[in-house]
Amino acid sequence: MLGAMAGDIIGSRFEGGGAPAPGFKLFTPGSRFTDDTVLTCAVAEAWLDGLDPAATLRKWVRRFPRAGFGPNFLTWVDDPGRAMPSKGNGAAMRVSPLAWLAGDEAYLLRAAGEQARVSHDTPEGVDGARAVAAAVYWARQGRSKADIRAGINRLLPRYHLGWPPARTPTALAEESVPVALAAFLAAEDFEGVVRKAVSAGGDTDTVASMAAAAAEAMHGLPEAIRRETTDRVPPRLHPPHRPGPRGGWDVWVDKGGDY
């Protein structure tokens, strides 16, 4: 889960812009966590504690109101009866904890779809969440990149996973999820994955967060990046300092606090 946070923080200062210069600094004083991190924690808490996903998402938004949530999502937060047929990447950016909690692939894909439908009830929103969750899950299992690519192609044959991307990714799931997964498949270590994701420009914090979630599962998280990441989130969001499967970090969520 900390990998997704790291990608979010690294990509945050480039969001909405063009590709940064090669060799950009990963962390600066302006690097900060955003809604990607907050909602990732919300999904983790909902499934760890058996809570209602929609209510838990709303609770975390109110806990961190200045984290950069989109206006349409905030409208959904304030109106529990409102339908949310969004084609955005919000469900995909927060889904990675389920890949660490799921015991089997069938359960994972059901859970990924369930958490997506509460706020992104469209084929694009659900499919994007399922694709990211599957990539993280397969990386956890130690599958090769060729196997992961083939699995994503079977799951979503319309996705193009070549690098470089054909266009700058927006916040639409169909544009940003394939770019994030392509960055993950095109680089050889955690830092390389994040740099490729950010280099695509556009929705950089979310693309980097999704790509880094899969990269952590495959490559682990470098200690220097772990330190920089935990320095930029509230202390009660810090994961315990103990290794998890394949060099990752055990899922842990905040039980209170404010931004």
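So, on to the overall build of the chain. Assigned secondary structure in the chain consists of 13 helices and 0 strands. Over its C-alpha trace the chain gives a radius of gyration of 16 Å, about what one expects of a compact globule, namely 18 Å for 259 residues. Projected onto its principal axes, the C-alpha positions of the chain cover 40 × 40 × 35 Å. Expressed as a percentage of the 259 residues in the chain, the buried residues total 58%. For the chain, contacts bridging at least 24 residues in sequence account for 69% of all contacts bridging at least 6. Carbon and sulfur atoms provide 51% of the accessible area of the chain, an area that totals close to 10,100 Å².

Take helix H3 (residues 53–63) next. Most of H3 sits out of view: 8 of its 11 residues are buried. For H3, the full list of buried residues reads Pro53, Ala54, Thr56, Leu57, Arg58, Trp60, Val61 and Arg63.

Any two aromatic rings considered together are summarised by their centre-to-centre distance and by the angle between their planes. Scanning all chains against the criterion turns up 5 aromatic pairs. Centroid distance Phe14 to Phe24: 5.1 Å. Interplanar angle 70°. Geometry classified as edge-to-face. In this pair, Phe14 sits in the loop between helix H1 (2–12) and helix H2 (35–49) while Phe24 sits in the loop between H1 and H2, placing the two residues 10 residues apart along the sequence. Judged by its relative accessible area of 13%, Phe14 is buried. A relative accessible area of 10% places Phe24 in the buried class. With centroids separated by 6.1 Å and ring planes inclined at 25°, the aromatic side chains of Phe69 and Phe73 adopt a geometry described as stacked. We classify Phe69 as buried; its relative accessible area is 8%. On the basis of relative accessibility, which here comes to 8%, the residue Phe73 falls in the buried class. Each residue in the set Phe33, Trp60 and Phe64 is aromatic and connected to the rest through ring pairs, giving one cluster. Lying over the aromatic face of Trp76, Arg58 brings its terminal NZ or CZ to 3.9 Å of the ring centre. In this arrangement the basic side chain of Arg63 is found over the ring face of Trp60, its NZ or CZ atom lying 4.6 Å from the centre.

A packed helix pair is summarised by two numbers, namely the angle formed by the two axes and the spacing between the axes. The interhelical angle for the contact between helix H8 (residues 123–140) and helix H12 (residues 204–219), taken along N-to-C directions, is 15°, at an axis separation of 7 Å. With respect to their mutual orientation, H8 and H12 come out roughly parallel. Both H8 and H12 take part in a crossing whose hand is right-handed. Mapping the contact onto sequence places Val132, Ala135, Val136, Ala139 and Arg140 in H8 and Met210, Ala213, Ala214, Ala217 and Met218 in H12. Residues that form the contact of H8 with H12 fall into these classes: 9 nonpolar, no polar and 1 charged.

In this structure, Phe73, Val136, Ile148, Ile152, Val177, Phe184 and Phe190 are the most contacted members of the largest nonpolar core, which totals 88 residues. Sequence-distant contacts of Phe190, defined by excluding residues within four places in its chain, comprise Gly3, Ala6, Ala212, Ala215, Glu216, His219, Gly220, Leu221, Pro222 and Ile225.

The subject of this paragraph is the pattern of salt bridges. Inspection of every chain in the model, using the stated rule, returns 10 salt bridges. Here Glu191 and Arg195 are joined by a salt bridge, their closest N and O atoms 2.9 Å apart. Note that Glu191 and Arg195 are positioned in helix H11 (residues 190–199) at a spacing of 4 residues, about one turn of the helix. Owing to a relative accessible area of 23%, Arg195 belongs among the partly exposed residues under this scheme.

Now for the packing of helix H7 (residues 105–117) against H8. At their nearest, the axes of H7 and H8 sit 8 Å apart, and the two run at 140° to each other. Between H7 and H8 lies a crossing whose hand is right-handed. Across the interface between the two elements, Glu105, Leu108, Leu109, Ala112, Gly113, Gln115, Ala116 and Arg117 from H7 touch Gly125, Val126, Ala129, Arg130, Ala133, Ala134, Tyr137 and Trp138 from H8. A breakdown of the residues in the contact of H7 with H8 according to their chemical character gives 10 nonpolar, 3 polar and 3 charged.

About the criteria used
- Numbers given for residues are sequential positions, taken from 1 along each chain in its written order.
- A pLDDT threshold of at least 70 governs which residues receive local features in this predicted model, and a stricter bar of 80 or more applies before side-chain atom pairs are shown or counted, although totals over entire chains, interfaces and linings include all residues.
- Where side-chain values are given, they derive from all heavy atoms of the structure, hydrogens and water being excluded.
- To qualify as a helix, a DSSP run of H or I must reach at least 4 residues; to qualify as a strand, a run of E must reach at least 2; elements of each kind are numbered from the N terminus.
- Here the globule rule reads 2.2 Å times residues to the power 0.38, and the radius of gyration is calculated from C-alpha atoms.
- For each residue, the accessible area found with a 1.4 Å probe, counting protein chains only, is set against the maximum for its type, and the residue is called buried under 20%, exposed over 50%, and partly exposed in between.
- Any two residues having at least one pair of non-hydrogen atoms within 4.5 Å are treated as being in contact.
- Residue-level accessible areas treat just the shown protein chains as cover; the underlying method is Shrake-Rupley with a 1.4 Å probe.
- Pairing of aromatic rings covers Phe, Tyr and Trp, the last counted by its six-membered ring, and requires centre-to-centre distances within 6.5 Å; plane angles under 30 degrees mean stacked, over 60 mean edge-to-face, and any other angle means tilted.
- For a Lys NZ or an Arg CZ to count as sitting over a ring, it must be within 6 Å of the ring centre and within 35 degrees of the ring normal.
- Axis geometry follows a simple rule: fit a line to the C-alpha atoms, using only the stretch in contact for helices, then measure angles between N-to-C directions, giving values from 0 to 180 degrees.
- Between 65 and 115 degrees an angle is taken as roughly perpendicular, under 35 as roughly parallel, over 145 as roughly antiparallel, and anywhere else as oblique.
- The handedness criterion is simple: a crossing whose near helix is rotated anticlockwise from the far helix by less than a right angle is left-handed, and one whose near helix is rotated clockwise is right-handed.
- Amino acid classes used here: Ala, Val, Leu, Ile, Met, Phe, Trp, Tyr, Cys and Pro are nonpolar; Asp, Glu, Lys and Arg are charged; the rest, including Gly, are polar.
- The criterion is simple. A nonpolar core is a set of buried Ala, Val, Leu, Ile, Met, Phe, Trp, Tyr and Cys residues joined through side-chain atoms within 4.5 Å.
- Take a side-chain nitrogen of Lys or Arg and a carboxyl oxygen of Asp or Glu: if they are within 4 Å of each other, that pair is a salt bridge.

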